[in-house]
Amino acid sequence: NSYRCSATLNVSGSVTHEFSCSVKLGASVVNLQADIDKLPTPTQTARSGIQTVEITMDGDQECTTMVEQGKIAYSFLGTADNATGTALANTNVGADAAKGVGIAIYNAATGNPLFINQDTMVAIASNGSAKNRVGLDLVKLDGQEASAGAVQGALTIQINRL
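What counts, and where the lines are drawn
- Residues numbered from 1 in each chain as written.
- Predicted model: local features only at pLDDT ≥ 70, side-chain atom pairs only at ≥ 80, totals over all residues.
- Heavy atoms only, no water.
- Buried < 20%, exposed > 50% of the residue type's maximum accessible area, 1.4 Å probe, protein only.
- Helix = DSSP H or I, 4+ residues; strand = E, 2+ residues; numbered from the N terminus.
- Pairing = 2+ DSSP bridges.
- 1 Å grid on protein atoms, 1.4 Å probe; cavity = no way out; pocket = protein on both sides within 12 Å on 5 of 7 lines; lining within 4 Å.
- Points joined across faces, edges and corners; volume = space filled by probe spheres on them.
- Nonpolar A, V, L, I, M, F, W, Y, C, P; charged D, E, K, R; others polar.
- Contact = heavy atoms within 4.5 Å.
- Axes fitted to C-alpha atoms, helices over the stretch in contact; angles between N-to-C directions.
- Disulfide = S-S within 2.5 Å.
- Core = buried A, V, L, I, M, F, W, Y, C linked by side-chain atoms within 4.5 Å.
- Salt bridge = Lys/Arg side-chain N within 4 Å of Asp/Glu carboxyl O.

1. So, the pairing of strand 3 (residues 72-77)
The element strand 3 is extensively covered by neighbouring structure, given that 5 of its 6 residues are classed as buried. With 6 bridges joining them, strand 3 and strand 8 (residues 156-161) adopt antiparallel strand pairing. Paired with Phe76 across the two strands is Ile157, which belongs to strand 8. Sheet analysis places strand 3 next to strand 6 (residues 120-122), joined by 3 bridges and oriented antiparallel. Looking at the pairing, Ser75 lines up with Thr120 of strand 6.

2. Comments concerning the layout of surface pockets
Estimated volume of the largest pocket: approximately 460 Å³. Lining the largest pocket are 19 residues, and of these Ser28, Val29, Val30, Leu136 and Gly153 sit closest to its centre. Of the residues forming the lining of the largest pocket, the biggest block, 3 residues, is contributed by strand 7 (residues 132-140). Grouping the amino acids of the lining of the largest pocket by side-chain chemistry returns 15 nonpolar, 4 polar and no charged.

3. Section: the sheet that holds strand 1 (residues 21-25)
Strand order in the open sheet formed by 5 strands is 1-2-7-5-4, and the pairing between neighbours is antiparallel. Edge positions in the sheet fall to strand 1 and strand 4 (88-89), since each of these pairs with one other strand and no more. Both strand 2 (residues 51-59) and strand 7 contribute to a ladder of 5 bridges, which runs antiparallel. Within strand 7, the position partnered with Glu54 by the bridge is Arg133. Its contacts with the sheet put helix 1 (residues 61-68) on strand 1 and strand 2, and the angle it makes with strand 2 is roughly 130°.

4. Side note on the state of the cysteines
According to the stated counting rule, one finds 1 disulfide in the structure shown. Two residues, Cys21 and Cys63, share a disulfide whose sulfurs are 1.9 Å apart. With the S-S dihedral at roughly 125°, the linkage between Cys21 and Cys63 falls on the right-handed side. Taken as a pair, Cys21 in strand 1 and Cys63 in helix 1 lie far apart in primary sequence, 42 residues in all. Each of the two residues, Cys21 as well as Cys63, counts as buried.

5. Re the nonpolar core
Counting residues in hydrophobic clusters, the biggest one holds 25 residues, and the most contacted among them are Ile55, Met57, Tyr74, Phe76, Ile105 and Val134. When contributions to this core are tallied by element, the ones reaching two or more residues are strand 2, helix 1, strand 3, strand 5 (101-107) and strand 7. Discounting chain neighbours no more than four positions away, the residues touching Ile105 are Phe76, Asn112, Pro113, Leu114, Ile116, Val134, Gly135, Leu136 and Leu155. Core analysis: the second largest hydrophobic core is formed by 6 residues, Ile50, Ala87, Ala104 and Tyr106 among them.

6. Observations regarding the pattern of salt bridges
Scanning all chains against the criterion turns up 3 salt bridges. Two residues, Lys24 and Asp58, come together in a salt bridge whose shortest N-O distance is 3.4 Å. With Lys24 in strand 1 and Asp58 in strand 2, the pair connects residues that are 34 residues apart, well separated along the chain. The class of Lys24 is partly exposed, set by a relative accessible area of 45%. When the shortest N-O distance is used, the salt bridge between Asp137 and Arg47 registers 2.8 Å. Highlighted residues: Asp137 in strand 7 and Arg47 in the loop between strand 1 and strand 2, separated in sequence by 90 residues. Given the relative accessible area of 6%, Asp137 is considered buried.

What follows is the structure, encoded as structure tokens:
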């Protein structure tokens, strides 16, 4: 007598088309300062005079074409605040750390907030005067008492193909 055993292997995958795009930032470090009594909330539009960072796309011709066609967007990733989860959290946990304070991200062209780990901003071609800029500002977290101190955070800007 012979015995037969069998097993089924399900195979899945995808076919991709490689293209080369990379994000370039006008600055890799931003220093923010604000008066604790004048902090906006994360959902308010940007105040005048916020810090901005230029974002440009670098890549091959296909990358450039996709940007020109509105098929590339930036997403903003990092540790979200512990209130509404819309701002970048203050990751400074030292004795001198600010409490109840986060870092808001804005579309600098419109002043509208970009919620961390949620919103995207469509990349625009950087020819002429049109440029992508992201704004950053310190904000008072909803439902928390803000106290003065040091603030720190790290923001990752990622490319998404639309």
